[in-house]
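# Overview (structure and organization)
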Amino acid sequence: MSTTVVAIDGPAGAGKSSVASALANMLGFTHVNTGSLYRAVAWAARKKGVSIDPVEQSFLDSIKFEFKAGKLLVDGDDPGDALRSSQCAADASFVAKQAAVRAFLLPVQRQSAEKRWIVMEGRDIGTVIFPDAAVKIFLTASAFERARRRMIQGEVPAGAAIEDVQKEIEARDLQDSTRAVSPLKAAADAVTVDSSGLTLEETVETIAAIVRKKRAEAGV
Ligand code: DC
């Protein structure tokens, strides 16, 4: 183990953001949501009116990220809730498939762990960004459970049937796990945590126990 990173990877809807945020709070670590970086690239491209098909290297070279008081600033601006829009999610998914975008974001993600403990969530943190992360968690939940959560959170159109939401989730899982660049998969040395039957608190406590055990074993 050589980094101060707790890597949490897993499919959309497994609860990564809530779990990573609560876990970081509990342990006094910094929470880094890498999905926001992909969303920020897409957001900045829209704002500047430049192509995302493909994203040009000259545009990537012009982007300046800063982290200030826990906020991600893009070229000095705070995108705020704009990163959460469904348009931005779709654009982010599109740019995340591009090797140039992933190469651009690799050092940005690595720098955020310098000299401090972080909980970093994403899709390829334990496999690509920090293959030597101190702790690797693959957080998942059944497609049915993820569909149920999305419905409870009102993230689907009114009247949508759970079977259809589940099918959509399964299709996205297939796309994410079979894409050529950095496919979503558990690292060989990751601990898989299935949150299907667990509350948020139980999930956080399960992962916190894994972190404590690994740190005690490694003496860090
Ligand atoms: O977790 P999210 O929905 O905010 O992620 C936005 C998009 O970025 C989503 O399509 C998955 C992709 N992503 C990725 O490919 N690798 C990461 N480390 C994080 C997110």
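These lines cover the structure that appears in this document, whether it is placed above or below. Source: prediction; values computed, not measured.

Adjacent strands of a sheet pair through backbone hydrogen bonds, lying either parallel or antiparallel. The strand order across the open sheet built from five strands is β2-β5-β1-β6-β7, with neighbouring strands paired in parallel fashion. Edge positions in the sheet fall to β2 (30-33) and β7 (191-194), since each of these pairs with one other strand and no more. On average, each strand axis in the sheet is tilted by 20 degrees relative to the strand beside it, whichever way the strands run. Alignment of β2 against strand β5 (residues 118-122), held across four bridges, turns out to be parallel. Along β5, the bridge assignment pairs valine 32 with methionine 120. Lying over the sheet, helix α1 (residues 16-27) contacts β1 (5-9), β2, β5 and β6 (135-140), oriented at roughly 175 degrees with respect to β5. Where helix α9 (residues 200-218) meets the sheet, its contacts fall on β1, β6 and β7, and the angle it forms with β6 comes to roughly 160 degrees.

Among the nonpolar cores identified, the biggest contains 25 residues, and Val41, Ile63, Phe65, Val74, Val101 and Leu105 are the most heavily contacted of them. Contributions of two or more residues to this core are made by α2 (35-48), α3 (57-62), β4 (71-74), α4 (86-95) and α5 (99-111). Looking at which element gives the most residues to this core, the answer is α2, with eight residues. Not counting residues up to four positions away in its chain, the partners in contact with phenylalanine 65 are Leu37, Ala40, Val41, Leu72, Leu73, Val74, Phe104, Leu105 and Val108.

In the vicinity of the ligand lie 13 residues, with Thr34, Arg39, Arg102, Arg123 and Arg179 positioned nearest. Here threonine 34 contributes a side-chain N or O atom positioned 3.0 Å from a nitrogen atom of the ligand. Within the side chain of arginine 123, an N or O atom sits 3.0 Å from an oxygen atom of the ligand. Coverage of the ligand by the protein amounts to 94% of the 440 Å² it exposes when considered alone. Taken together, the elements giving at least two residues each to the shell around the ligand come down to α2 and α4.

Looking at α4, one finds that the buried residues are Cys88, Asp91, Ala92 and Val95. Considered in projection along α4, the buried side chains sweep an arc of 105 degrees and stay on one side of the axis. On the buried face of α4, the contacting elements are α2 and α5.

A few words on the environment of valine 135. With respect to the helices, strands and loops of the structure, valine 135 is situated in strand β6. Put simply, valine 135 and isoleucine 8 are 127 residues apart on the chain and 8.5 Å apart in space, counted from C-alpha to C-alpha. For valine 135, the residues in contact, after removing those within four places along its chain, are Val5, Val6, Ala7, Ile210, Val211 and Lys214.

Of the consecutive residues aspartate 53 and proline 54, the connecting peptide bond is found in the cis state with omega at 0 degrees. One can find proline 54 in the loop between α2 and α3. Of note, lysine 115 is a non-glycine position whose phi angle comes to about 60 degrees, a positive value. In this structure, lysine 115 sits in the loop between α5 and β5. The exposure class of lysine 115 is exposed, given its relative accessible area of 85%. Positive phi, close to 45 degrees, is recorded for serine 182, a residue that is not glycine. Judged by relative accessible area, which is 16%, serine 182 ranks as buried.

A separate point is the packing of aromatic side chains. Two descriptors summarise a pair of aromatic rings, namely the distance from one centre to the other and the angle between the planes of the rings. Tallying each qualifying case throughout the model produces two aromatic pairs. Both rings, one in phenylalanine 29 and one in tryptophan 117, keep their centres 5.1 Å apart while their planes meet at 25 degrees; by these two values the pair is stacked. Of this pair, phenylalanine 29 sits in the loop between α1 and β2 while tryptophan 117 sits in the loop between α5 and β5, placing them 88 residues apart in sequence. Taking the relative accessible area as the measure of exposure, phenylalanine 29 reaches 10% and is therefore buried. When the ring centre of tryptophan 117 is taken as origin, the NZ or CZ atom of arginine 215, which lies over that ring, is 4.2 Å away.

How each quantity is defined
- The written sequence of each chain sets the order in which its residues are numbered from 1.
- Under the rules for a predicted model, residues below a pLDDT of 70 receive no local features and side-chain atom pairs below 80 are neither given nor counted, while totals for whole chains, interfaces and linings still include all residues.
- For the side-chain quantities, the full set of heavy atoms in the structure was used; hydrogens and water were omitted.
- At least two DSSP bridges between two strands are needed for those strands to be called paired.
- Working definition: helices are DSSP H or I runs of at least four residues, strands are E runs of at least two. Numbering for both runs from the N terminus.
- Between the N-to-C directions of two axes lies an angle of 0 to 180 degrees, each axis being a line fitted to C-alpha atoms and, for a helix, fitted only over the stretch in contact.
- Contact between two residues is taken to exist if any of their heavy atoms lie within 4.5 Å; hydrogens are not considered.
- Take the buried Ala, Val, Leu, Ile, Met, Phe, Trp, Tyr and Cys residues and link them wherever side-chain atoms come within 4.5 Å; each set so joined is a nonpolar core.
- Residue exposure (1.4 Å probe, protein chains only): buried if accessible area is under 20% of the type maximum, exposed if over 50%, otherwise partly exposed.
- One heavy atom within 4 Å of a molecule or strand makes the whole residue count as near it.
- Any N or O atom pair separated by 3.5 Å or less is treated as a polar contact, with the protein-specific requirement of one donor-capable and one acceptor-capable atom, and with residues adjacent in sequence counted only for side-chain atom pairs.
- Throughout, the Shrake-Rupley method with a 1.4 Å probe supplies accessible areas, and for residues the shown protein chains are the sole cover considered.
- Note that the arc is defined by the directions from the helix axis to the C-beta atoms.
- Think of it this way: a Phe, Tyr or Trp ring, Trp meaning its six-membered ring, pairs with another when their centres are within 6.5 Å, and the plane angle makes it stacked under 30 degrees, edge-to-face over 60, tilted otherwise.
- In our convention, an over-ring charge means Lys NZ or Arg CZ found within 6 Å of a ring centre and within 35 degrees of that ring's normal.

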